[in-house]
Amino acid sequence: MTKSANQMWGGRFAAGPDAIMEAINASISFDQRMARQDIEGSRAHAAMLAATGIITDKDSEAIREGLLTVLSEIEAGEFAFSTALEDIHMNVEARLKDLIGEPAGRLHTGRSRNDQVALDFRMWVRDQLDALDGALIALIHALLGQAEAGADWVMPGFTHLQTAQPVTWGHHMMAYVEMLGRDLSRVRDARNRMNESPLGAAALAGTSFPIDREMTAKALGFDRPAANSLDAVADRDFALEFLGAASICAMHLSRLSEELVIWSSAQFRFVKLSDRFSTGSSIMPQKKNPDAAELIRAKIGRIFGANVALMTVMKGLALTYSKDMQEDKEQVFDAADNLMLALAAMEGMVRDLEAQQDNLRSAAASGFSTATDLADWLVRVLGMPFREAHHITGALVAAAETKGVDLPELELAEMQAVCGEITQDVYTVLTVEASVASRTSYGGTAPSQVRKQIARWREELA
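On a predicted model such as this, the values are computed, not experimentally measured, just so you know.

What counts and what doesn't
Residues numbered from 1 in each chain as written. Predicted model: local features only at pLDDT ≥ 70, side-chain atom pairs only at ≥ 80, totals over all residues. Heavy atoms only, no water. Core = buried A, V, L, I, M, F, W, Y, C linked by side-chain atoms within 4.5 Å. Buried < 20%, exposed > 50% of the residue type's maximum accessible area, 1.4 Å probe, protein only. Helix = DSSP H or I, 4+ residues; strand = E, 2+ residues; numbered from the N terminus. Contact = heavy atoms within 4.5 Å. Patch = residues over 30% accessible without salt bridge, like charges linked within 9 Å, V, L, I, M, F, W, Y side chains within 5 Å. Areas by Shrake-Rupley, 256 points an atom, 1.4 Å probe, with all protein chains shown as cover. Salt bridge = Lys/Arg side-chain N within 4 Å of Asp/Glu carboxyl O. Pairing = 2+ DSSP bridges. Axes fitted to C-alpha atoms, helices over the stretch in contact; angles between N-to-C directions. Left-handed = near helix turned anticlockwise from the far one by under 90°. Phe/Tyr/Trp six-rings, centres within 6.5 Å; stacked < 30°, edge-to-face > 60°.

Caption draft 1: Region of the structure containing the nonpolar core. Core analysis: the largest hydrophobic core is formed by 75 residues, its most contacted members being Trp169 and Leu253. Contributing elements (two or more residues each) for this core: helix H6 (113-149), helix H7 (169-194), helix H10 (237-263), helix H11 (291-314), helix H12 (329-352), helix H13 (357-364) and helix H18 (447-461). In this structure, leucine 253 is in contact with Leu139, Leu180, Ile296, Leu339, Ala342, Leu343 and Met346, ignoring residues within four places of it in sequence. If you look at the next biggest cluster of nonpolar residues, it comprises 22 residues, including Trp377, Val405, Met415 and Val429.

Caption draft 2: Structural detail: a nonpolar patch on the surface. On the surface, Leu204, Leu230 and Leu319 cluster together into a nonpolar patch covering about 270 Å² of accessible area. For leucine 319, the location among the structural elements is in the loop between H11 and H12. Residue leucine 319 is classed as exposed on the basis of its relative accessible area, which comes to 64%.

Caption draft 3: How the structure looks around the pairing of strand E1 (residues 154-159). Relative to strand E2 (residues 162-168), E1 runs antiparallel, the two being bridged by 5 bridges. In the strand pairing of E2, valine 154 is matched with threonine 168. Hairpin geometry of E1 and E2 is characterised by an intervening segment of 2 residues between the two adjacent antiparallel strands and by a positive phi of about 60° at histidine 160.

Caption draft 4: Summary view of the packing of H10 against H12. Between H10 and H12, the shortest axis-to-axis distance is 10 Å and the interhelical angle comes to 35°. When you trace H10 past H12, the crossing you get is left-handed. Touching Ala239, Phe242, Leu243, Ala246, Cys249, Ala250, Leu253, Leu256, Ser257 and Leu260 of H10 are Gln331, Val332, Ala335, Ala336, Leu339, Ala342, Leu343, Met346, Met349 and Val350, all from H12.

Caption draft 5: A look at the packing of aromatic side chains. For the structure shown, the criterion picks out 8 aromatic pairs. A ring pair is formed by phenylalanine 121 and phenylalanine 333, whose centres lie 6.3 Å apart and whose planes are at 90°; its orientation type is edge-to-face. One end of the pair, phenylalanine 121, is in helix H6; the other, phenylalanine 333, is in helix H12, and 212 residues separate them in sequence. Here phenylalanine 121 falls in the buried class, since its relative accessible area comes to 0%. Its relative accessible area of 3% is what places phenylalanine 333 among the buried residues. Plain terms: the ring middles of phenylalanine 158 and phenylalanine 268 are 6.4 Å apart, the flat faces sit at 55° to each other, and that makes the pair tilted. Residue phenylalanine 158 is found in strand E1, and its partner phenylalanine 268 is found in the loop between H10 and strand E5 (271-272); the two are separated by 110 residues along the sequence. Grouped by ring-pair contacts, the aromatic residues Phe158, Trp169, Trp263, Phe268 and Phe270 constitute a single cluster.

Shown next, in the form of structure tokens:
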């Protein structure tokens, strides 16, 4: 074994780790992403140490200024990260010592790497939640734009991917607004719940130094310090909540992606995707592939996988900190990167999307899509029980299918052969436009209702 350059373990160990141990133990390859949060937390800690008289104002000022120099070196790409120093905390502290000397050793008073990493990671996730909040709002606005443009465009609504009833394009777009609105709510709820500072919990039991945890919590934008030192260092619920919210959001994006893939096909021709979010084929010159949608659809796999991975890491850990918890970050980093990329790509696709109004209307009018309107007319006008109306409508659909026409094309006499009470008035409900216009119940597909929901969302987001 070779002597490690990392002396943080003091005199407890006679020899340093060999290369394999160093490789498995080091986290600097990925936790350097938390450099800004680490330095921000350390600056707040140093200010508090001086305010409580634990260290001198002079040492605190030297530490805080030195940390700014370290941050500028990292942001400029001039910082040499070392695996021998294991993690972002020790890399920063070692460089700080190079810059300011002996006062750097006072920075770690009253804290541990356990509460330090819990703080850094929590702040990083909080920043990601804020970024996710903005990305969701941007995509919701893109969907609102589509919904407003096509509030009264008729398209088929599906169950089992079979034609069910006519709906409006605007109504369909607003369904995704509702989904993403719930995602936004989960993001904000998670942020509120996780906004407690673990700093000052130290290794696990708190500290005997007269620290001011309220001061550091406030300086770092937290609502309060965490109330239990054991939980403060052991908790990764905030990361799991982030991954849970990310997984549900990615699932919503995947569902919309699936529809875009289907709708843009030659068999549907409901939408036209822009060239910016499509690719061609190396052999088939006619192809325009919805690759962006397909890749977004696949992101759920790795994001959901990250959620399962971290849940598995945490499930068997006794309180408080175990080295297993070093495996908490890479999954979260990867999920955050991929979700933000997927949201940006989806926003671009939705903004560029061209709905093919004529094709949507033609498809909406096929497949006996106004059969329910016929049944409702029999109930409303003739006073039939719905089950009887359902049976008569089924017989009329069968008659139209045999003749090779849709319901509005059946002659009145043909309808009366099934039910003699039917009058000419029935044709007023058999167009797709009449169908969607009639669905005026709250949350329904009528253009008037769609516009009300668009206005409500624009007001909420404003």
